[in-house]
Amino acid sequence: MRIIRFTDETGQHRFGTDAENGEARLLEGDLISGLTQTNDTVRVKKRLAPVVPPAIFGIGLNYHQHAQETGMEVPKYPVVFMKNPAAIANPQDPILLPSACMQPPEVDYEAELAVVIGKAARDVGPDEALGYVLGYTAANDVSARRWQGRRGAGQWVRGKSFDTFCPLGPVLVTADEISDPQKLRLTCELNGRVMQDATTGDMIFPVAELISFLSTGTTLLPGTVVLTGTPSGVGFTRNPPVYLMPGDTVDIILEGIGTLSNPVELHE
């Protein structure tokens, strides 16, 4: 099922199945406890991020070629950081560049496969981990590089948690429709220029291993989002570096899911 979360013309937040012509078939219930299809169609006024997560886990350096382009060693264990759930941004909403990140520019794009946990997971083995996945969506792990480093005292969470620094969407594709999350093409385009183009098969730690690792002695609550890492081609590794600027448009294109598009604006 391709699930969208949206605002209808009365301002209510709804769930529906992905549809064309500005309408969606209404789903009743809750994303976590279960949704039931109806025969009602509803006008979609605005698409929202498909989930409001209680927590966001990020994984750094999880693609072989990305680790290589940064000059860092391939990690022996997943590199884990967190993002503030308030950083979530909807499809088509602007990524806002804080003035604190513009002198000089430092905000980077990161195309990612996002995993949404469907039921509480603790001490889950890799062989059963995918059974805890509700679905998948596209994400942009927007990152302020200086704040990720020195200005954040080496704690990545600060540079990755500014408001709007976690666009999600445009749909949540349920796990039964993605037979193998390690066989998806993932692309980032900046103003129509391809910046990242890889497959999730380049991951160092596949989705099942990430869920198992994160759930060791730790409960992953339903709705938790896991950002599984970004492939090579990020802006800060380029010569000269490429950073997001007002007027840009970033498109994250994920096979089987769709395109997550966001304009970029200066946060006044």
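Whatever comes next refers back to the structure up there.
Counting starts from 1 at the beginning of each chain's written sequence and moves along it residue by residue. For a predicted model such as this one, the threshold for reporting local features is a pLDDT of at least 70, and the threshold for listing and counting side-chain atom pairs is 80 or more; totals across whole chains, interfaces and linings nevertheless cover every residue. Working from all heavy atoms in the structure, the side-chain values ignore hydrogens and water.

Undergrad: Explanation requested: the environment of Glu128 in the structure shown.
TA: Tracing the chain through its elements places Glu128 in helix α2 (residues 126-129). For the pair formed by Glu128 and Ser212, sequence separation is 84 residues and the distance between their alpha carbons is 8.6 Å. Secondary structure follows DSSP: runs of H or I at least 4 residues long count as helices, runs of E at least 2 residues long count as strands, and numbering of each begins at the N terminus.

Undergrad: So what exactly am I meant to see when it comes to the pattern of salt bridges here?
TA: In what follows, salt bridge is the name for a side-chain nitrogen of Lys or Arg lying within 4 Å of a carboxyl oxygen of Asp or Glu. Throughout the structure, instances matching the rule amount to 11 salt bridges. Asp108 is the partner of Arg145 in a salt bridge, and the nearest nitrogen-oxygen pair spans 3.0 Å. Taken together, the residues Arg145 in helix α3 (residues 145-148) and Asp108 in strand β10 (residues 107-108) connect sequence positions 37 residues apart. Taken individually, Arg145 and Asp108 each receive the classification buried, so the pair is uniform in this respect. Three exposure classes are used, based on accessible area relative to the maximum for each residue type with a 1.4 Å probe and protein chains only: buried under 20%, partly exposed in between, and exposed over 50%.

Undergrad: What exactly am I supposed to notice about the pairing of strand β11 (residues 111-117) here?
TA: The side chains of a regular strand alternate, first on one face of the sheet and then on the other. For β11, the tally of buried residues reaches seven of seven residues, placing the bulk of the element in the interior. Residues Ala111, Leu113, Val115 and Ile117 point to one face of β11 and Glu112, Ala114 and Val116 to the other, with burial holding for every one of them. Strands are treated as partners if at least two bridges between them are detected by DSSP. Both β11 and strand β12 (residues 133-140) contribute to a ladder of seven bridges, which runs antiparallel. Pairing of Ala111 across the sheet is with Asn140, part of β12.

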